[in-house]
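Chain and residue survey
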Amino acid sequence: MQLKNDLLLRAAKGEKVERTPVWLMRQAGRILPEYRAVRASVSGFIELAQTPELAAEVTIQPVDILGVDAAIIFSDILVIPEAMGLPYEMVEKRGPWFPETVKSASDLKKLRIADGVDDLSYVIDAIKITKKNLAGRVPLIGFAGAPWTIFAYMIEGSGSKTFSKARAMLYTEPELSHELLQMITQSTINYLKAQISAGADLVQIFDSWAGILGPDQYEEFSMRYIRQICDAITEVPKTVFAKGAFFALKSMGELSCETIGLDWNMEIKRSRELIGTDKTLQGNLDPAALYGNDAQVEAAARHMMDQFKGTRHIANLGHGVYPDIDPEKVKVFIETVKNYR
Ligand code: CP3
């Protein structure tokens, strides 16, 4: 199916675009009353994510309601641990929780490498339905967590400010850590390839907990595996978003991916110098800027656009949109980007 709006894909590849494409990380869900209505019809997040028709419906909502230039499939990065044999629960208002975690080599033996098609068929089906219902209006983004971020949840068992159990494991059990990271990496490659076969037009890797590692450890326990994923996925453009990894921007410039995501702590011009000119940059408005009034949101968005002007850019926030942001403010952000010249 020919895409009617392929701005995202052209911007990712560094081709000419009439205007900068815009979408928001975590646009599907949370902020939209229409999402909350669908979610209220089922037992919770997990049932919603595992019901392909409903996952497709909430994936398309931000395209209809907000006017974004891309859809991102409604799912979560934590489907990979589950597919490897470590199930999660979503605790209301608290986030993900794993009843079992990985503590030793014997725990690792209970896990398997996930097969993208068989173990995650509900995501694959949701992608197929979404592609059909989008009918080429905008590209569909597939995604996965980076191995380090997935590892952090599998060791820690929940979110954490420090992820000290996960970081301790890198020091106390480096071989075990590498073994698990390699299993996650292979599972992720299988999963992303299955998403692409089902119709994902671009894939993004979220390394949400990149910023809690030091530069040497980041290279050894994260970049090494992100590199393997980027090298293995050759079918569609790839985006790598490593939150807080300003120290790794130079080596990210050498990854075989098209786009690097920037968070709002990163200086745009300095990031461009480190990454070089042959990648697209995505981001990076502070999500908190959307708490402003319309004029303040517009000014903040224009200020961001000014700094990216004339360079390869996909507009986005510097992290996921916060759940209590008024969707009308998101629309002001999107319209400001669309009207920017
Ligand atoms: O719009 C989209 O971006 C698509 C859907 C999506 C979800 N999670 C749905 C979700 C995506 C891309 C994610 C990625 C994700 N999940 C990340 C990486 C991006 C980031 O924010 O750093 C991470 C770290 C997670 C893990 C996760 N999932 C947490 C920490 C939480 C709880 C806090 C929160 O964000 O609500 C989730 C739950 C989750 N994932 C929800 C949604 C819509 C809320 C659950 C609900 O509706 O009850």
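Structural data are supplied above this passage.
This section reports on the structure supplied with the text. Keep in mind it's a predicted model, so treat the numbers as computed, not measured.

1. Side note on the site of the ligand
- Taken together, the neighbourhood of the ligand is formed by 21 residues, with Ala-28, Arg-30, Tyr-35, Arg-39 and Ser-208 sitting nearest.
- Within the side chain of Arg-26, an N or O atom sits 2.8 Å from an oxygen atom of the ligand.
- A distance of 2.6 Å separates an oxygen atom of the ligand from a polar atom in the side chain of Arg-30.
- Burial of the ligand by the surrounding chains reaches 86%, relative to a free accessible area of 860 Å².
- Put simply, the parts of the chain that give the shell around the ligand at least two residues each are α2 (33–40) and β3 (95–97).
- When its residues are assigned to classes, the shell around the ligand shows twelve nonpolar, five polar and four charged.

2. A word on the pattern of salt bridges
- Counted by the stated rule, this structure contains eleven salt bridges.
- A salt bridge links Arg-19 to Asp-69; its shortest N-O distance comes to 2.9 Å. Residue Arg-19 is found in the loop between α1 (7–13) and α2, and its partner Asp-69 is found in the loop between α4 (52–66) and β1 (71–72); the two are separated by 50 residues along the sequence.
- With a relative accessible area of 17%, Arg-19 lands in the buried category.
- Note on Asp-69: relative accessible area 2%, which makes it buried.
- The partner of Arg-137 in a salt bridge is Asp-64, and the shortest N-O contact between them spans 2.8 Å. Placement of Arg-137 in the loop between α8 (121–134) and β4 (140–145) and of Asp-64 in helix α4 is noted, with a sequence separation of 73 residues between them.
- Arg-137 sits in the partly exposed class, given a relative accessible area of 31%.
- Overlapping salt bridges bring together Asp-6, Arg-10 and Glu-18 as one network.

3. Concerning the sheet that holds strand β6 (residues 238–242)
- Pairing is parallel across the open sheet formed by seven strands, whose spatial order is β1-β4-β5-β6-β7-β8-β9. Only two strands of the sheet have a single partner each, and these edge strands are β1 and β9 (313–317).
- Two strands pair when backbone bridges link them, and β4 and strand β5 (residues 202–207) are joined in this way by five bridges, in the parallel orientation. From the neighbouring strand, Gly-145 faces β5, where its bridge partner is Phe-206.

Definitions and limits used
Residues numbered from 1 in each chain as written. Predicted model: local features only at pLDDT ≥ 70, side-chain atom pairs only at ≥ 80, totals over all residues. Heavy atoms only, no water. Near = heavy atom within 4 Å. Polar contact = N/O pair within 3.5 Å; in protein donor to acceptor, adjacent residues only side chain to side chain. Areas by Shrake-Rupley, 256 points an atom, 1.4 Å probe, with all protein chains shown as cover. Helix = DSSP H or I, 4+ residues; strand = E, 2+ residues; numbered from the N terminus. Nonpolar A, V, L, I, M, F, W, Y, C, P; charged D, E, K, R; others polar. Salt bridge = Lys/Arg side-chain N within 4 Å of Asp/Glu carboxyl O. Buried < 20%, exposed > 50% of the residue type's maximum accessible area, 1.4 Å probe, protein only. Pairing = 2+ DSSP bridges.

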